[in-house]
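So you can see what is in the structure, the chains are spelled out below.
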Amino acid sequence: MATQWKVFVSTGTPGGGQESTVICSPSTLVHHGMIFVPLGYKLIFAQLANVAEVCGGGSLQSPVLELEVAKLQGAGFWETVSQYKF
């Protein structure tokens, strides 16, 4: 059974510590069995370094560049995870 790990933080003001909570959480989650596969810059550095297109603007339509990054990230994730037997 697959388990999704989520981290929810809430503070009254911006900069109230939520960033450090999220940054520190992967080590605890890995300790409890989460498999952590980082983004994998070797596969998508060219797309992330592309400054010709603005991404993440809140549009309902995903830009082609974001979709390409998502596909490459998924392929890299599967390449790593498929090596393990669950």
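If you're wondering where the values come from, they're calculated on a predicted model, not measured in any experiment.

Caption draft 1: The overall build of the protein chain, seen in detail. Helices and strands together make up the secondary structure of the protein chain, namely three helices and zero strands. The secondary structure elements of the protein chain, listed N-terminal to C-terminal, are α-α-α. Of the contacts made within the protein chain by residues no fewer than 6 positions apart, 39% connect residues no fewer than 24 positions apart. As presented, the protein chain carries roughly 7300 Å² of accessible surface, and 62% of it is formed by carbon and sulfur atoms.

Caption draft 2: Inspection of a nonpolar patch on the surface at higher detail. A contiguous nonpolar patch, built from I35, Y84 and F86 and spanning about 390 Å² of accessible area, is present on the exposed surface. Counting through the fold element by element, Y84 comes out in the segment after α3 (64-81).

Caption draft 3: Layout of the environment of L29. With respect to the element layout, L29 can be found in helix α1 (residues 18-31). Once the C-alpha coordinates of L29 and W5 are considered, the two residues, 24 residues apart in sequence, prove to be 7.7 Å apart. Beyond its immediate sequence surroundings of up to four residues, L29 is in contact with W5, V7 and M34.

Caption draft 4: Geometry of the confidence of the model for the protein chain. Summary statistics for the protein chain give a mean pLDDT of 79 and a share of 86% for residues scoring 70 or more. Within the protein chain, the element-level pLDDT minimum falls on helix α2 (residues 41-48), averaging 84, and the maximum on α3, averaging 87.

Caption draft 5: How the structure looks around the side chain of Q47. Within the element layout of this structure, Q47 appears in helix α2. The exposure class assigned to Q47 is buried, which follows from its relative accessible area of 14%. For Q47, the residues in contact, after removing those within four places along its chain, are L65, E68, V69 and L72.

Caption draft 6: Quick look at α3. Helix length check: α3, at 18 residues, gives a terminal C-alpha distance of 26 Å against a target of 26 Å (1.5 Å per residue), a fit within 8%. Regarding α3, the residues found buried are L65, V69, G76 and V81. Looking down the long axis of α3, one finds its buried residues gathered within 130° of arc, a one-sided arrangement. In α3, the exposed residues that point more than 90 degrees away from the buried face are V64, K71 and W78. In this structure, the buried side of α3 is in contact with α2.

Caption draft 7: The arrangement of the environment of V37 in detail. Its place among the elements puts V37 in the loop between α1 and α2. A C-alpha to C-alpha distance of 9.5 Å links V37 and W78, two positions 41 residues apart in sequence. Among all residues touching V37, those that are not within four sequence positions of it are F77, T80 and V81.

Basis of the calculations
- Residues numbered from 1 in each chain as written.
- Predicted model: local features only at pLDDT ≥ 70, side-chain atom pairs only at ≥ 80, totals over all residues.
- Heavy atoms only, no water.
- Helix = DSSP H or I, 4+ residues; strand = E, 2+ residues; numbered from the N terminus.
- Contact = heavy atoms within 4.5 Å.
- Areas by Shrake-Rupley, 256 points an atom, 1.4 Å probe, with all protein chains shown as cover.
- Patch = residues over 30% accessible without salt bridge, like charges linked within 9 Å, V, L, I, M, F, W, Y side chains within 5 Å.
- Salt bridge = Lys/Arg side-chain N within 4 Å of Asp/Glu carboxyl O.
- pLDDT = per-residue confidence, 0-100.
- Buried < 20%, exposed > 50% of the residue type's maximum accessible area, 1.4 Å probe, protein only.
- Expected span 1.5 Å × (residues − 1).
- Arc of directions from axis to C-beta.

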